[in-house]
Amino acid sequence: MDKLNFLTAGIPLRAKDYRTGFETLKELGLNGLELEFVHGVRISDVSRNFLKENKEDFILTAHAPFYINLNSKEEEKVEASIQRIIETAQTANSLGGYSITYHAAFYLKEDKKTVFDKLIKRHEKIFETLDRENNNIWVRPETTGKETQWGSIDEIIEMSKIFPKMLPCVDFSHIHARTGGKFNTYDKFASIFEEIGKNLGNKALENFHAHIAGIEYTQKGEKKHLNLEDSDFNYKDLLKAFKKFNVKGVIICESPNIEEDCKLLKDYYTSL
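Residues numbered from 1 in each chain as written. Predicted model: local features only at pLDDT ≥ 70, side-chain atom pairs only at ≥ 80, totals over all residues. Heavy atoms only, no water.

## Some thoughts on the overall build of the chain
Part 1: Looking only at helices and strands, the chain has 10 helices and 12 strands in total.
Part 2: Against the compact-globule benchmark of 19 Å for 272 residues, the chain has a radius of gyration of 17 Å, which places it among compact chains.
Part 3: Taken over the C-alpha atoms alone, the chain extends approximately 45 × 45 × 35 Å along its principal axes.
Part 4: By residue count, 55% of the 272 residues in the chain fall in the buried class.
Part 5: Across the chain, every contact between residues at least 6 apart in sequence was considered, and the portion connecting residues at least 24 apart equals 78%.
Part 6: Just so you have it, the chain exposes about 12,100 Å², and 48% of that area is on carbon and sulfur atoms.
Part 7: Here the chain contributes 39 positive and 43 negative side-chain charges, whose respective centroids are spaced 2 Å apart. (Helix = DSSP H or I, 4+ residues; strand = E, 2+ residues; numbered from the N terminus. Rg over C-alpha atoms; globule rule 2.2 N^0.38 Å. Buried < 20%, exposed > 50% of the residue type's maximum accessible area, 1.4 Å probe, protein only. Contact = heavy atoms within 4.5 Å. Areas by Shrake-Rupley, 256 points an atom, 1.4 Å probe, with all protein chains shown as cover. Lys, Arg positive; Asp, Glu negative; His and termini not counted. Charge placed at Lys NZ, Arg CZ, Asp CG, Glu CD.)

The structure is reproduced here in structure tokens:
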């Protein structure tokens, strides 16, 4: 991508559908939205046709359903998880989307190497299908907000070295919560960009997918999203790091007031 773009997580709250959503995005000077497939990869023909015909001014990404666990003890749930990721990629690609993201797995008290090895095999299945269909969308496991979930930044970087069309989705708020609030300074944020650049190259910094929101957390990690100004998340230093490292791609705002905080992020970034 040629710049950093700011997207809402779903249709803006003041809108009632994709048409009025696009009008709101244009009014606020925002760059697109993430399709939120929360309970399943479902989209009406009306919405699908509208997005295909009207997305030229906007960027689309997609979040796969939350019912995904590539490390489930039950094989049918693993297969269903694989299929949900594939369906998300197929739908996003058909709409001219940029990338997809998902919460990949839980450890379920297994050691991390065992889980990592299982996830390699399961992603091989995903990419076998997508490669066969010439689907070139970026596939991005998301950094997760609890220690019980697979998805530290180091794990996702290592996984991304294996698959050419995989890169991280860095949810900075999740990392903040996962570390009990310790990941909240310019130097900490900069360390993410340094590690990604060192391990995955400039392509990863020029094709970035990030999530940002205010967040409430406990010792166990993420509890719920908050509006940025109602949280302790240091979004200003994070945006300074984005600017310093000349990161390009998309930032998805997941605050409860999605379009207001998305505009707040874009306006502050533009002011730097």
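Additional details are given in the paragraphs that follow.
## Some details on the nonpolar core
Part 1: Formed by 83 residues in total, the largest nonpolar core has its most connected members in Trp150, Phe172, Ile196, Phe208 and Phe242.
Part 2: Sort the elements by how many residues they give to this core and helix H4 (residues 112-132) lands first, with 7 residues.
Part 3: The residues contacting Trp150, other than those within four sequence positions of it, are Ala104, Ala105, Phe106, Tyr107, Val115, Phe116, Leu119, Pro141, Thr144, Glu155, Ile156 and Met159. (Core = buried A, V, L, I, M, F, W, Y, C linked by side-chain atoms within 4.5 Å.)

## Describing the sheet that holds strand E9 (residues 208-212)
Part 1: Taken together, 8 strands build an open sheet; the order of strands is E6-E4-E3-E2-E1-E12-E9-E8 and the sheet is parallel. In this open sheet, the two strands that pair with only one neighbour each are strand E6 (138-141) and strand E8 (169-171). Ignoring which end each strand starts from, the neighbouring axes of this sheet average 25° apart.
Part 2: Here strand E2 (residues 32-36) runs beside strand E3 (residues 59-63); their pairing, made up of 5 bridges, is parallel. Across the sheet, residue Gly32 finds its bridge partner in E3, namely Ile59.
Part 3: The strands touched by helix H1 (residues 18-28) are strand E1 (4-9), E2 and E3; relative to E2, the strand with the most contacts, the crossing angle is about 145°.
Part 4: Lying over the sheet, helix H3 (residues 75-94) contacts E3 and strand E4 (99-102), oriented at roughly 155° with respect to E4. (Pairing = 2+ DSSP bridges. Axes fitted to C-alpha atoms, helices over the stretch in contact; angles between N-to-C directions.)

## Some remarks on the packing of aromatic side chains
Part 1: As enumerated under the stated definition, the model contains 15 aromatic pairs in all.
Part 2: Geometrically, the ring pair formed by Phe172 and Phe208 is stacked, given 6.5 Å between the ring centres and 20° between the ring planes. Taken together, the residues span a long stretch of sequence, with Phe172 in helix H6 (residues 172-178) and Phe208 in strand E9 at a distance of 36 residues. For the pair Phe172 and Phe208, one class covers both residues: buried.
Part 3: Their ring planes at 90° and their centres at 5.8 Å tell us that Phe208 and Phe242 sit as a pair that is edge-to-face. You can see Phe208 sitting in strand E9 and its partner Phe242 sitting in helix H9 (residues 235-244), a full 34 residues away along the chain. Exposure class is identical for Phe208 and Phe242. Each is buried.
Part 4: Grouped by ring-pair contacts, the aromatic residues Phe172, Phe183, Phe189, Phe193, Phe208, Phe233, Phe242 and Phe245 constitute a single cluster.
Part 5: Sitting over the face of the ring of Trp138, Lys165 holds its NZ or CZ atom 3.8 Å from the ring centroid. (Phe/Tyr/Trp six-rings, centres within 6.5 Å; stacked < 30°, edge-to-face > 60°. Lys NZ or Arg CZ within 6 Å of the ring centre and 35° of its normal.)

## Notes on H1
Part 1: Every buried residue belonging to H1 is among Tyr18, Thr20, Gly21, Phe22, Thr24, Leu25 and Leu28, and all of these are buried.
Part 2: With a side-chain oxygen lying 3.3 Å from the backbone nitrogen of Arg19, the N-terminal cap of H1 falls on Asp17.
Part 3: Directly after H1, the chain includes Gly29, whose backbone phi takes a positive value near 75°. (Polar contact = N/O pair within 3.5 Å; in protein donor to acceptor, adjacent residues only side chain to side chain.)

## Regarding the pattern of salt bridges
Part 1: Here the structure, examined in full by the defined rule, presents 17 salt bridges.
Part 2: As a salt-bridge pair, Glu74 and Lys77 come within 3.0 Å of each other at their nearest N and O atoms.
Part 3: What makes Glu74 partly exposed here is its relative accessible area of 34%.
Part 4: Lys118 is the salt-bridge partner of Glu110, the closest N and O atoms lying 3.0 Å from each other. (Salt bridge = Lys/Arg side-chain N within 4 Å of Asp/Glu carboxyl O.)

## A few points about helix H5 (residues 153-160)
Part 1: For H5, the buried fraction is high: 6 of the 8 residues fall into the buried class.
Part 2: Along its buried surface, H5 packs onto H4, E6, strand E7 (149-150), E8, H6 and helix H7 (186-200).

## A short note on the packing of H1 against helix H2 (residues 45-54)
Part 1: Between H1 and H2, the shortest axis-to-axis distance is 10 Å and the interhelical angle comes to 35°. Taking contact as the criterion, the partners of Tyr18, Arg19 and Phe22 in H1 are, on H2, Ser47, Phe50, Leu51 and Asn54.
Part 2: Of the residues belonging to the contact of H1 with H2, the class tally is 4 nonpolar, 2 polar and 1 charged. (Nonpolar A, V, L, I, M, F, W, Y, C, P; charged D, E, K, R; others polar.)

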